[in-house]
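Examining the three-dimensional arrangement
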Amino acid sequence: MKRLVLPSRRALLLCASLTLATVALAAPSKPAASAPAATKPVKLTPENFKSPKLRGWVNGIPDTGQFLPDSVVLLRVGDRVTRTSDYVSAYFRSYPEYRPAPDSAGRVTFLKTLRNRDVLGQVALALNLPIGFEERLALREERQRALTTTVYQRLVADSVTVTEDEVRDFYNAYQFKLKLRHILVGDRNAAEMVRRELVSGRTTWAAAVRRFSIASDAANNGEIGWISPDKMDPNVIYQVYRIRPGETSQPIQDGQGWHIVQAIERQPNLVPPYVIAAKQIRIMITTHRQSERSEALMTMLRLKHGVQYDTTAAQLASEQFVQTTSTKQGAFSATLEINAKVPEFAPADTGRLIARWENGGRFSINDLVHAFSDIPPLVRPALTRKEAVMAFVESIALEPFIAAHGEALGLAKDSLVTVPLARKLEELMVNRMYADSISSRIYVSRAEREAYYEKNKPQFFTFPSVDYATFWRPTKAGMDSLVAILKSGTDPRAILAADSAAGLISGSIKHLRSDETSTDHKIVFEEMRPGDVQTRGPDKQGDYIIYRLIGYDGGRQLSYAESEPIIAESLQNMREDQALQDLVARLSSRFRIEMHPELLGQIKLVDPTID
């Protein structure tokens, strides 16, 4: 069924262009009547554009106040009004897959989408159609999510303030870079124990490194070397830059584990001007304090509801998980690789409990696997440490308690709860009206599907594809040698197998369809035939890349049986789209509609959550 919910996705910043006025210059030796020479337009940059009105830059465009205020009315449908801020928020809330481009045409299209949404929403709410079990469950889940978000916003985010003096103090600390050493351990309890031993003088730093550190630099007494703020993880800077030479930090957590850091000495450091560094320092302090308050809130709820963990089960689970994303450095570029693997556990282990809480609440390894699988691979957390597993379980187990805590504090009446809940109810009502009025009344017969197939037969063809090998070599001599071997007819797979046996990763075999995006696309589809060998390079690192086209598949005609599901869905969608347009046109006559597409070009279309 075609959904009527406003699609949601992040988009590119608004693209616009500004040019400088041309300047006429008359050469002294030329008559006054000669044509003036025009200078070439100069690209505006922070270096060549200065203005007392400058508020910032929007995708390379200076913001001097030319954008529409948030309160300007862009759309009115009956009593419902959409202002500039509403338009921007709705745009970045919409699904990325369906969001129009941020250009002038896309902005108008989105304004029309909002108009249709308001028309259908008001009619659906007026009909007050009954909702079923699934809709009530969706509302309950939306309410719980909204309450959880509101608790965090009101009790954590809104409660943090950072003064100018605090920012200045940190900026002064940035004037130095630190020589550091650390001890890395697996969990917080061990880190706190090691720190107590060091601070009390019961052990020396060298002895603690030998006994406890699991870091690869333990043999070097845990020395990290000289570090400046710009080379540090922002989550770590706040705690490290508060210690002076000879002092030992509180346990600091990152992706590797828990660190105890000691400053050995410091020396002057070059830093950017205060006006540039202040914003990042303020964000860093704010983020750290929010993290502390969030942890305090979770600790309170954990104790209140008796959440207990089996660290042995959490450790067992973490050992089966792998890093979800990694960066692979190729000869010419870096590639983000996503590992979508979901671990498998022995039947005897799936029932092991990682956590339990009051009233029989429990969370097993099997629950962990299902919850992990439900998350899109790109945004899955890395659960390779037991602390990460327990934090993930806690985020799921405590959500109902966080929502109940918000309810007890009276946050159910907060606009952060009521607005999304009303939006969700309207969405469900529109979907019900759509199902009753459109999708349930449209049927595509077999004869219509067959006729569509015969009329559009050339469209039902598999995409052409290629199989090819890529290799890289660090020298021209190595490239020339490999090219000669490939041209002699040696199978690329045999070369890769031999390299792998020698402990080398020198390339890979790839499959690419003509409809897929790749930097290799033009080379393998337009410039090569099966058996051809081509080279590129050297790149900035002096490396060469070699291509060998193994095979080409030109595609084939799909039968009707193979095409029928696609045809049925396409015809259904086309007819539903037309029926929806007709329905909106009829319903629109019930409302007084006011639209201002001429103002859309003046909108500062930047995601309000990151502006």
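Structure first, text after, so check above.
Keep in mind it's a predicted model, so treat the numbers as computed, not measured.

What counts and how
Residues numbered from 1 in each chain as written. Predicted model: local features only at pLDDT ≥ 70, side-chain atom pairs only at ≥ 80, totals over all residues. Heavy atoms only, no water. Helix = DSSP H or I, 4+ residues; strand = E, 2+ residues; numbered from the N terminus. Buried < 20%, exposed > 50% of the residue type's maximum accessible area, 1.4 Å probe, protein only. Contact = heavy atoms within 4.5 Å. Areas by Shrake-Rupley, 256 points an atom, 1.4 Å probe, with all protein chains shown as cover. Pairing = 2+ DSSP bridges. Axes fitted to C-alpha atoms, helices over the stretch in contact; angles between N-to-C directions.

**Some thoughts on the overall build of the chain**
Along its length, the chain carries 19 helices and 20 strands. Across the 611 residues that make up the chain, the buried fraction comes to 38%. Pairs at least 24 apart in sequence give 73% of the contacts found in the chain among residues at least 6 apart. Summing over all exposed atoms, the chain offers an accessible surface of approximately 35200 Å²; the carbon and sulfur share of this is 53%.

**Considering unusual backbone geometry**
A cis amide bond links G537 with the next residue in sequence, P538, at an omega value of 5 degrees. Structurally, P538 is set in the loop between strand 18 (533-536) and strand 19 (544-553). Backbone geometry at N128 places phi at a positive 55 degrees, although glycine is not the residue there. The residue N128 is located in the loop between helix 2 (104-127) and helix 3 (133-157) in this model. The backbone phi angle of N359 is positive, close to 60 degrees, even though this residue is not glycine. You can see N359 is positioned in the loop between strand 14 (353-357) and strand 15 (361-364). On the basis of relative accessible area, N359 is assigned to the exposed category, the value being 79%.

**Overview of the sheet that holds strand 17 (residues 507-513)**
Pairing is antiparallel across the open sheet formed by 4 strands, whose spatial order is 17-16-19-18. Of all strands in the sheet, those bounded by a partner on one side alone are strand 17 and strand 18. Recorded for the sheet is a direction-independent mean angle of 25 degrees between the axes of neighbouring strands. Pairing between strand 16 (residues 465-473) and strand 19: 9 bridges, direction antiparallel. Residue F471 lies in a different strand from strand 19, and its bridge partner there is I546. Docked against the sheet, helix 17 (residues 492-501) engages strand 16, strand 17 and strand 19, running at close to 40 degrees with respect to strand 16.

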